[in-house]
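Reading the structure
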Amino acid sequence: MLQSLYDRTIRLAEHPNAMWALAVVAFLESSVFPIPPDVLMIPMILARPSKAWLIALVALVASVLGGMLGYAIGAFFYESIGQPVLAAMGKGAAMEEFNTRFNDFGFWAVLTAGVTPFPYKVITIMSGWTGMPLGTFVATSILARALRFFVVAGLLWGFGESIRDFIEKRLGLMFTLFMILLIGGFVLVRYL
């Protein structure tokens, strides 16, 4: 099922209304959709490198707006919508413990989920559910999603097709390692 959804998403990248499709996918991915916008961004940028920054900007704006929908789901509809979405992703069991710790590390959670392969929708919903300050959530989402989408756009703009395999297979790992090192550095500074 995911493969056919992935294939349909790739076909959308070739459509004349691909920019609108990207906006919809980026918006929905931030709250309920399982396919990340990178799947559309990569072929769109490869096809039109001169529009790389515009494509990244569309993904950024739509993703942050979709993240605000996820936040609203968590804040206002957690029991009826948020909990089933998170349970379907296998994240339902540890909710109570997560809630007590989440806001202590909320900035880092949003930043990490925004740039790594971790499902961003989980963090958007949890941010609303735990009552993270909306300003903190939005600012961190903008930072994280801009970092992710503009790094991808920059790599594709600069290196073209030769970087595609790296982005599709290893960029998530690189972002994850970067976040581990960054957070680890702050923890060391704090406790040394």
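Above this text you will find the structure in question.
So, here's what we can say about the structure. (Residues numbered from 1 in each chain as written. Predicted model: local features only at pLDDT ≥ 70, side-chain atom pairs only at ≥ 80, totals over all residues. Heavy atoms only, no water.)

1. Observations regarding the nonpolar core
- Counting 44 residues, the largest nonpolar core has Leu22, Met41 and Met44 as the members making the most contacts within it.
- Looking at this core, the element that brings in the most residues is helix 4 (residues 52–76), giving nine residues.
- Setting aside its immediate chain neighbours within four residues, Leu22 contacts Pro37, Leu40, Met41, Met44, Ile55, Val58 and Ala59. (Core = buried A, V, L, I, M, F, W, Y, C linked by side-chain atoms within 4.5 Å. Buried < 20%, exposed > 50% of the residue type's maximum accessible area, 1.4 Å probe, protein only. Helix = DSSP H or I, 4+ residues; strand = E, 2+ residues; numbered from the N terminus. Contact = heavy atoms within 4.5 Å.)

2. Remarks on the packing of helix 7 (residues 106–115) against helix 9 (residues 134–159)
- At their nearest, the axes of helix 7 and helix 9 sit 8 Å apart, and the two run at 30 degrees to each other. Classified by the angle between their axes, helix 7 and helix 9 sit roughly parallel to one another. Remark: the crossing between helix 7 and helix 9 carries right-handed chirality. In this structure, helix 7 uses Phe107, Val110, Leu111, Ala113, Gly114 and Val115 to contact helix 9, whose residues at the interface are Phe137, Thr140, Ser141, Leu143, Ala144, Arg145, Leu147 and Arg148.
- Its residues assigned to classes, the contact of helix 7 with helix 9 comprises nine nonpolar, three polar and two charged. (Axes fitted to C-alpha atoms, helices over the stretch in contact; angles between N-to-C directions. Parallel < 35°, antiparallel > 145°, perpendicular 65-115°, else oblique. Left-handed = near helix turned anticlockwise from the far one by under 90°. Nonpolar A, V, L, I, M, F, W, Y, C, P; charged D, E, K, R; others polar.)

3. Quick notes on the packing of aromatic side chains
- Summed over all chains, the structure comprises three aromatic pairs.
- For the pair Trp53 and Trp157, a centre-to-centre distance of 5.7 Å together with 55 degrees between the ring planes defines the contact as tilted. Placement of the pair is Trp53 in helix 4 and Trp157 in helix 9, with a sequence separation of 104 residues.
- Look at Tyr71 and Phe137: their rings are 5.2 Å apart centre to centre, the planes differ by 35 degrees, and that puts the pair in the tilted class. Here Phe137 lies in helix 9 and Tyr71 lies in helix 4, a separation of 66 residues in the sequence.
- Residue classification places Phe137 among the buried positions, given a relative accessible area of 0%. (Phe/Tyr/Trp six-rings, centres within 6.5 Å; stacked < 30°, edge-to-face > 60°.)

4. Concerning the environment of Ile142
- Relative to the assigned elements, Ile142 resides in helix 9.
- When sequence neighbours within four positions are dropped, the list of residues in contact with Ile142 reads Leu60 and Val64.

5. Regarding helix 3 (residues 38–47)
- Taken across its 10 residues, helix 3 has nine buried, putting it largely inside the fold.
- Those residues of helix 3 not exposed but buried are Asp38, Val39, Leu40, Met41, Ile42, Pro43, Met44, Ile45 and Leu46.

6. Some thoughts on a nonpolar patch on the surface
- Taken together, the side chains of Leu54, Leu57, Val61, Leu65, Met68 and Leu134 present a nonpolar region at the surface, about 480 Å² in accessible area.
- Within the element layout of this structure, Leu54 appears in helix 4. (Patch = residues over 30% accessible without salt bridge, like charges linked within 9 Å, V, L, I, M, F, W, Y side chains within 5 Å. Areas by Shrake-Rupley, 256 points an atom, 1.4 Å probe, with all protein chains shown as cover. Salt bridge = Lys/Arg side-chain N within 4 Å of Asp/Glu carboxyl O.)

7. Some words on the pattern of salt bridges
- Taken as a whole, this structure holds three salt bridges when the rule is applied.
- For Arg145, the salt bridge identified is with Glu29, shortest N-O distance 2.7 Å. Taken as a pair, Arg145 in helix 9 and Glu29 in helix 2 (residues 18–29) lie far apart in primary sequence, 116 residues in all.
- In this structure Arg145 comes out as buried when scored by relative accessible area, which is 0%.

8. Describing helix 8 (residues 120–130)
- Summarising burial for helix 8: 10 of the 11 residues are buried, a large majority.
- Those residues of helix 8 not exposed but buried are Tyr120, Lys121, Val122, Ile123, Thr124, Ile125, Met126, Ser127, Gly128 and Thr130.
- Count one or two residues on from helix 8 and you reach Gly131, which has phi positive near 80 degrees.

9. Describing the side chain of Ser30
- Secondary-structure assignment places Ser30 in the loop between helix 2 and helix 3.
- Taking the relative accessible area as the measure of exposure, Ser30 reaches 0% and is therefore buried.
- At 2.8 Å, the side chain of Ser30 and the backbone oxygen of Ser63 are in polar contact.
- When near neighbours in sequence (up to four residues on either side) are disregarded, Ser30 contacts Ser63, Gly66, Gly67, Gly70, Tyr120, Lys121, Thr124 and Arg145. (Polar contact = N/O pair within 3.5 Å; in protein donor to acceptor, adjacent residues only side chain to side chain.)

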